[in-house]
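If you want the building blocks of each chain, they are given just below.
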Amino acid sequence: MSVLVKGGGDRGQYLDVDLVPDSTLETELDALKAAGTDIVGKLITLTTAANYECTSAADGAVPDGKVDSYEIRGSTYVLHCKLWHYTDQNTTGHTAKGIINIPYSSIALGDTVEVSNGTTFYTIRDATSGGWGFVIAKDVPGSGYCDVLF
């Protein structure tokens, strides 16, 4: 009889995203690197302070992902992360599946989205107390477009 062995690495579908650390996480990463401690595996949480930014997951928090690998470009860390979770502006947790780029009429980082009322129905806006998603980047690749994590 054969035995099914479980474990031995990550499995399944995760969203691979490049993120930049906030200043708090960057300080932690510098300390880890100086101590010879591996940065890979560090658990992270998304922020709403800058496009594609993350910070260290707090004690007791649900992590949004983990650092899978990293590189240093100039003096900046680029963290190659696996995302599996995000928390929307209504404090509801969701599974991260993909990112779309879409025009917006009024939006901020971290907002949930809904269709903007108009005649074309091609744009989104902040859904305030409803909606879906998480605006992870604004004005990319140019003004008036945002990346929304779903």
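Residues numbered from 1 in each chain as written. Predicted model: local features only at pLDDT ≥ 70, side-chain atom pairs only at ≥ 80, totals over all residues. Heavy atoms only, no water.

K.L.:
What's the story with the overall build of the protein in this structure? I'm lost.
P.N.:
A tally of regular secondary structure across the protein gives one helix and twelve strands. Along the protein, from the amino end to the carboxyl end, the secondary structure elements read β-α-β-β-β-β-β-β-β-β-β-β-β. Principal-axis analysis of the C-alpha atoms places the extent of the protein at approximately 60 × 50 × 25 Å. In the protein, buried positions account for 35% of the 150 residues. Carbon and sulfur atoms form 52% of the exposed surface of the protein, whose accessible area is close to 8500 Å². (Helix = DSSP H or I, 4+ residues; strand = E, 2+ residues; numbered from the N terminus. Buried < 20%, exposed > 50% of the residue type's maximum accessible area, 1.4 Å probe, protein only. Areas by Shrake-Rupley, 256 points an atom, 1.4 Å probe, with all protein chains shown as cover.)

K.L.:
Can you help me understand the side chain of D64 in this one?
P.N.:
With respect to the helices, strands and loops of the structure, D64 is situated in the loop between β3 (53-56) and β4 (65-73). Of the polar contacts made by the side chain of D64, one reaches the backbone nitrogen of L46; its length is 2.8 Å. Ignoring sequence-local partners within four residues, the contact set of D64 consists of I44, T45, L46, K82, L83, W84, H85, Y86 and T87. (Polar contact = N/O pair within 3.5 Å; in protein donor to acceptor, adjacent residues only side chain to side chain. Contact = heavy atoms within 4.5 Å.)

K.L.:
Can you walk me through the environment of T24 in this structure?
P.N.:
Relative to the helices and strands, T24 is located in helix α1 (residues 23-34). Note on T24: relative accessible area 46%, which makes it partly exposed. The spacing of T24 and C54 is 30 residues in sequence and 9.7 Å in space, taken between C-alpha atoms.

K.L.:
Help me understand the sheet that holds β3, please; the structure alone is not making it clear to me.
P.N.:
Pairing between sheet strands relies on hydrogen bonds along the backbone, with the strands arranged either parallel or antiparallel. Around the barrel, five strands lie side by side as β1-β3-β2-β4-β5; this closed barrel has mixed pairing. Averaged over all pairs of adjacent strands, the angle between their axes in this sheet comes to 55°, without regard to strand direction. Relative to strand β5 (residues 76-83), strand β1 (residues 15-21) is paired through five bridges, and the arrangement is antiparallel. Across the sheet, L15 pairs through a bridge with L83, a residue of β5. Together, β1, β2 (43-46), β3, β4 and β5 form the strand contacts of α1, whose direction differs from that of β5 by roughly 100°. (Pairing = 2+ DSSP bridges. Axes fitted to C-alpha atoms, helices over the stretch in contact; angles between N-to-C directions.)

K.L.:
Looking at this structure, I do not really get the sheet that holds strand β11 (residues 134-138). What am I missing?
P.N.:
Here we have five strands laid out as an open sheet, ordered β9-β10-β8-β12-β11, and mixed in their pairing. The sheet is open, and its two edges are formed by β9 (113-115) and β11, each paired on a single side. Across the sheet, the mean angle from the axis of one strand to that of its neighbour is 50°, orientation sign disregarded. Relative to strand β10 (residues 124-126), β9 runs antiparallel, the two being bridged by three bridges.

K.L.:
Would you take a moment to explain the packing of aromatic side chains for this structure?
P.N.:
Each aromatic ring pair is specified by the distance between its two centres and by the angle formed by the two planes. Applying the stated criterion across every chain yields a total of three aromatic pairs. Ring geometry for Y14 and W84: centres 6.2 Å apart, planes at 70°, overall edge-to-face. On the criterion of sequence distance, the pair formed by Y14 in the segment before β1 and W84 in the loop between β5 and β6 (85-87) is long-range, its members being 70 residues apart. Of the residues examined, W84 reaches a relative accessible area of 29% and is grouped as partly exposed. Relative to F134, the ring of Y86 has its centre 6.1 Å away and its plane inclined at 50°; by these criteria the two rings are tilted. Placement of Y86 in strand β6 and of F134 in strand β11 is noted, with a sequence separation of 48 residues between them. The pair Y86 / F134 is uniform in exposure class, with both members buried. (Phe/Tyr/Trp six-rings, centres within 6.5 Å; stacked < 30°, edge-to-face > 60°.)

K.L.:
How should I be thinking about the nonpolar core in this particular structure?
P.N.:
Buried together is how nonpolar side chains tend to be arranged in soluble globular proteins. Grouped together as the largest cluster of nonpolar side chains are 21 residues, with contacts concentrated most on L19, I44, L46, L79, L83, I136 and L149. Per element, the largest residue contribution to this core is four residues, and it comes from β5. For I44, the residues in contact, after removing those within four places along its chain, are L19, L25, C54, T55, A57, P63, D64, G65, K66, V67, C81 and L83. With nine residues, the next largest nonpolar core counts I102, Y104, I107 and V148 among its residues. (Core = buried A, V, L, I, M, F, W, Y, C linked by side-chain atoms within 4.5 Å.)

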